[in-house]
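Per-entry structural report
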Amino acid sequence: MARFIFITGGVVSSLGKGLMAASLGALLQARGYKVRTRKFDPYLNVDPGTMSPYQHGEVYVTDDGAETDLDLGHYERFTGVASRQADNVTQGRIYQTIIQRERRGDYLGATVQVIPHVTDEIKRFALAETDDVDFVLCEIGGTVGDIESLPFMEAIRQLRNELGHGQTVLVHVTLVPYIAAAGELKTKPTQHSVRELTSLGIQPDILLCRTEHPLPDSERAKIALFCNVRKEAVIPALDASSIYAVPVQYHREGLDQAVLSAFGIENSREPDLTRWFDIMDRQAHPEGEVTIGVVGKYVGLPDAYKSLHEALVHGGLANRVKVKVQWLDAELFEAEDSDIAAKLEPMHGILVPGGFGVRGSEGKIASVRFARERGVPFFGICLGMQMACIEGARNTAGIDHASTTEFGETSEPVVGLITEWMSAEGLQTRNVDTDLGGTMRLGAYPAKLSGNSVVASIYGAEDISERHRHRYEVNAAYREPLEMGGLMFSGMSPDGTLPEIVERPEHPWFIGVQFHPELKSKPFDPHPLFASFIAAALKQSRLV
Ligand code: GLN
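Report on the accompanying structure. This one's a predicted model, so the numbers in the text were calculated from it and none came from an experiment.

A closer look at the pairing of strand β24 (residues 499-503)
The buried fraction of β24 amounts to five of the five residues, a majority that puts the element mostly inside the structure. Where strand β23 (residues 488-492) and β24 come together, four bridges link them in antiparallel fashion. The residue of β24 that forms the bridge with M488 is E503. Of the strand pairs in this sheet, β24 and strand β25 (residues 510-513) are connected by three bridges, and their pairing is antiparallel. Following the sheet pairing, E503 is matched in β25 by I511. Joining the antiparallel neighbours β24 and β25 is a turn of six residues.

Next up, the structure:
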């Protein structure tokens, strides 16, 4: 049976619990174990699909079409294990399940309560689909002490009891702040947050202490004493130079060893960290630098484009160059007096990412035009591909009023609502009035690439599968005029109806994709499109 590692956070939010879970997963893998990593989110949304990227960061999409928390992206990037729907649950989904069951009469007249019904459902989720792994890492969103997370804490307490000794370990991530005026690190917040946990009946096994200054031995001993853990189980976690340096750093501080010891597992074999050392070496010794301009809408919060940013970094790792990302607000390109050229000329590559809604769209279209006319490498992702098609229609095919129905009624729907498509579950249908939540083409879909296309040579394959998250599609009825204008439809859905990839063979590098390749990129396995895009940007940087 799988062993369970629960990861909670204390003192403040944003301590990097997700990265910690991902890194621990990678370390256990490096010791030869099979892992799954999952996330419990205490908020009441059924999934993050309808949450603003400004509030919650990007929505990460899995192969099986789940819209999940961005931490699942970290898990996948660090462990390479593809996440599934079963790896992310919110309190909203738990309640939705229970209430639907209650309405059906499944509880046979019983009073439905947080304990045991909600906690049972949480436990069922934790245990589901775990037979094939050695360790399941479960991260609990939020901070200990939040009202919302109480049912999750209670479920953990019960599970620790039920699964028995040696089957579960709890890692609590805390903060040890430095008080400059006193010149001291303070352990009191950690003590308080552990007290909060123990008042819920949960004794942590390991404390991961985030700190900006090295933790002196005396403070480590003090935390151990007051928090009732072994001193070796108090792991100092200094800020790292890069997120990809975290696994090696935590290993050096003894995290994976402490976890195995807490389970009572004797494993003296050192983990194989070769892939992480290689990544760190590439990051520490780049042989050049490129600047990529990302023209988007949610540029105020980089978490809104988390996977995209990481995939660009991975493209840099593949080429041994540092990638500088310039976040450019598309709306600023719309003003009469805005000097787009001045803003975009320093860029070695231009990327228009995924997005929703009309705001900033004319700025995005103007950026596509700049990239096309100046021969600057261009990468359009999802909405970015749709903008590339509208730009091509307007400026190379003479369809002046080209637009997308997403932005309102149009006489030239170069991009339009998908009302029917085939998925693994069969024909899917939608209409304009269906709910916003969960009404998109979501998850992995196959595409067929033209044999002689640029993308087929980049992938080294003609059959690919990539993850989708969109409601609108480029309208294949416009294929002919767009291709006459130089924009080739080089990837299509297997039935030939939905355009998946467009490219300009005459341009140094101009590719638009309807899917999100960034979701599958990994530091040790950079996505071929990002590797190729950064290679093109590197060439461009040598020209200017
Ligand atoms: N808004 C567009 C659509 O729904 C693009 C979505 C996206 O970029 N993820 O089709």
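Considerations on the layout of surface pockets
The volume enclosed by the largest pocket comes to roughly 980 Å³. In this structure, the largest pocket is lined by 41 residues; those nearest its centre are S14, L15, G16, K17 and D71. Sorting the residues of the lining of the largest pocket by element identifies α1 (17-30), β2 (35-41), α2 (53-56), α3 (71-79) and α9 (246-252) as the ones contributing at least two each. If you tally residues by element for the lining of the largest pocket, the top one is α1, at four residues. Class assignment of the residues belonging to the lining of the largest pocket gives a composition of 14 nonpolar, 15 polar and 12 charged. Put simply, the second largest pocket is a space of about 570 Å³. Surrounding the second largest pocket, 36 residues form its lining, P53, Y298, G355, F356 and R469 being those nearest its centre. Mapped by element, the contributors of at least two residues to the lining of the second largest pocket are α12 (306-319), α15 (383-396) and β21 (463-470). Residues that form the lining of the second largest pocket fall into these classes: 18 nonpolar, 12 polar and six charged.

Considering the sheet that holds β2
Each strand in a sheet pairs with another by means of backbone hydrogen bonds, the pair being arranged parallel or else antiparallel. Pairing in this open sheet of seven strands is parallel, and the strands run β5-β2-β6-β1-β7-β10-β11 from one edge to the other. Pairing within the sheet leaves two strands with one partner each, and these edge strands are β5 (88-90) and β11 (234-238). Averaged over all adjacent pairs, the angle separating strand axes in this sheet is 20°, with direction ignored. Examined bridge by bridge, strand β1 (residues 3-9) and strand β6 (residues 135-140) share five bridges and lie parallel to one another. When the sheet's bridge partners are listed, F6 is paired in β6 with C138. Against the sheet, α3 touches β2, β5 and β6, its axis set at about 170° to β2. Most of the contacts of helix α5 (residues 114-127) go to β2, to which it runs at about 155°, and overall it touches β1, β2 and β5.

What counts, and at which threshold
Residues numbered from 1 in each chain as written. Predicted model: local features only at pLDDT ≥ 70, side-chain atom pairs only at ≥ 80, totals over all residues. Heavy atoms only, no water. Buried < 20%, exposed > 50% of the residue type's maximum accessible area, 1.4 Å probe, protein only. Helix = DSSP H or I, 4+ residues; strand = E, 2+ residues; numbered from the N terminus. Pairing = 2+ DSSP bridges. 1 Å grid on protein atoms, 1.4 Å probe; cavity = no way out; pocket = protein on both sides within 12 Å on 5 of 7 lines; lining within 4 Å. Points joined across faces, edges and corners; volume = space filled by probe spheres on them. Nonpolar A, V, L, I, M, F, W, Y, C, P; charged D, E, K, R; others polar. Axes fitted to C-alpha atoms, helices over the stretch in contact; angles between N-to-C directions. Contact = heavy atoms within 4.5 Å.

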